[in-house]
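Architecture at a glance
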Amino acid sequence: MAFIKFLGTAGARFVMMEQLRASGGVWISSGSDNLILDPGPGSLVRALESRPKLDPAKLTGVILSHKHLDHSADVNVMIEAMTAGGHTKRGAVFAPQDAFEPEPVIQKYLRNFPERLELLEAGKEYRVGEISFNTVRMLHPVETYGFNFKINNRTVSFITDTAYFPEIPDCFRGEIMIINVVLTERKPEVFHLSVPEVADILSSIKPQKVILTHFGRRTLTANPQKIADRLSQKFGLEIIAATDGMMIEV
Ligand SMILES: [Zn+2]
Ligand SMILES: [Zn+2]
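Conventions adopted
- Residues numbered from 1 in each chain as written.
- Chains lettered and ligands numbered in written order.
- Predicted model: local features only at pLDDT ≥ 70, side-chain atom pairs only at ≥ 80, totals over all residues.
- Heavy atoms only, no water.
- Helix = DSSP H or I, 4+ residues; strand = E, 2+ residues; numbered from the N terminus.
- Buried < 20%, exposed > 50% of the residue type's maximum accessible area, 1.4 Å probe, protein only.
- Pairing = 2+ DSSP bridges.
- Axes fitted to C-alpha atoms, helices over the stretch in contact; angles between N-to-C directions.
- Contact = heavy atoms within 4.5 Å.

**A closer look at unusual backbone geometry**
Cis rather than trans, the peptide bond between Arg-51 and Pro-52 has omega equal to -5°. By secondary structure assignment, the location of Pro-52 is in the loop between α2 (43–49) and β4 (61–63). Going from Glu-101 to Pro-102, the amide bond is cis rather than trans, its omega being 0°. For Pro-102, the location among the structural elements is in the loop between β5 (92–95) and β6 (116–119). Positive phi, normally seen in glycine, also occurs at Ala-12, with a value near 70°. Residue classification places Ala-12 among the partly exposed positions, given a relative accessible area of 25%. In this structure, Asn-153 is a non-glycine residue whose phi angle is positive, near 65°. Note on placement: Asn-153 falls in the loop between β9 (145–151) and β10 (154–159). Its relative accessible area of 75% is what places Asn-153 among the exposed residues.

**Section: the sheet that holds strand β13 (residues 239–241)**
Reading across from one edge, β7-β8-β9-β10-β11-β12-β13 is the order of the seven strands in this open sheet, with mixed pairing throughout. Two strands bound the open sheet, and with one partner strand each, they are β7 (125–128) and β13. Averaged over all pairs of adjacent strands, the angle between strand axes in this sheet comes to 20°, irrespective of strand direction. Direction of pairing for β9 relative to β10: antiparallel, over a ladder of five bridges. Note on β10: the bridge partner recorded for Lys-150 is Thr-155. Contacting β12 (209–213) and β13, helix α8 (residues 224–235) runs over the sheet at an angle of about 170° to β13.

Pasting the structure below:
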């Protein structure tokens, strides 16, 4: 069975800092492969407290879309967990170059713990066992990538933190589409997607399922599921708002 579990749905600093929503990232599992994408604050605890438990010792990959803390705060501890504190050389770590230098979020002492450490670059293909993915460079203040994952013969796209750009619908063609929607109103100067921009994206694509996540404070106040329902009616698509702990089968 392949599944995706949301260990957090917080977007933007205040939702994370006040833990209005958890910020543990997304767990992706297919067969014996387990990936954590964007292990923000609390990722380790959220995984261990998950029912059934998600065991970080069974991770085979750790992926950072970018180095902002809401995506990376638990990255070192997840690498330690994956590699039994460095005793077992295993697993792969994928991150943008600027997560290593000049201001590392992945500490130097554990960089040789995993089997592989790969730099993310735009338009490249990567693989962890059964799961492969390619990358799209996003528009964000630090080096950031979005992803198209191939899981269980299906494509799952992650439109991560980014300002709107017109190529988004062409770059992400997943049957399942996961979109970080931080804002209720367009604010290009903060480099995050808003609800009207998500509507622009959805007007030209027809995914089977859309999941909204990474909510900012105003989006939470406006009720993410109501936003999802309105978009769903407008476009005739299945659109849901992620909640902490939500799991979908792939
Ligand atoms: Zn973020
Ligand atoms: Zn960010």
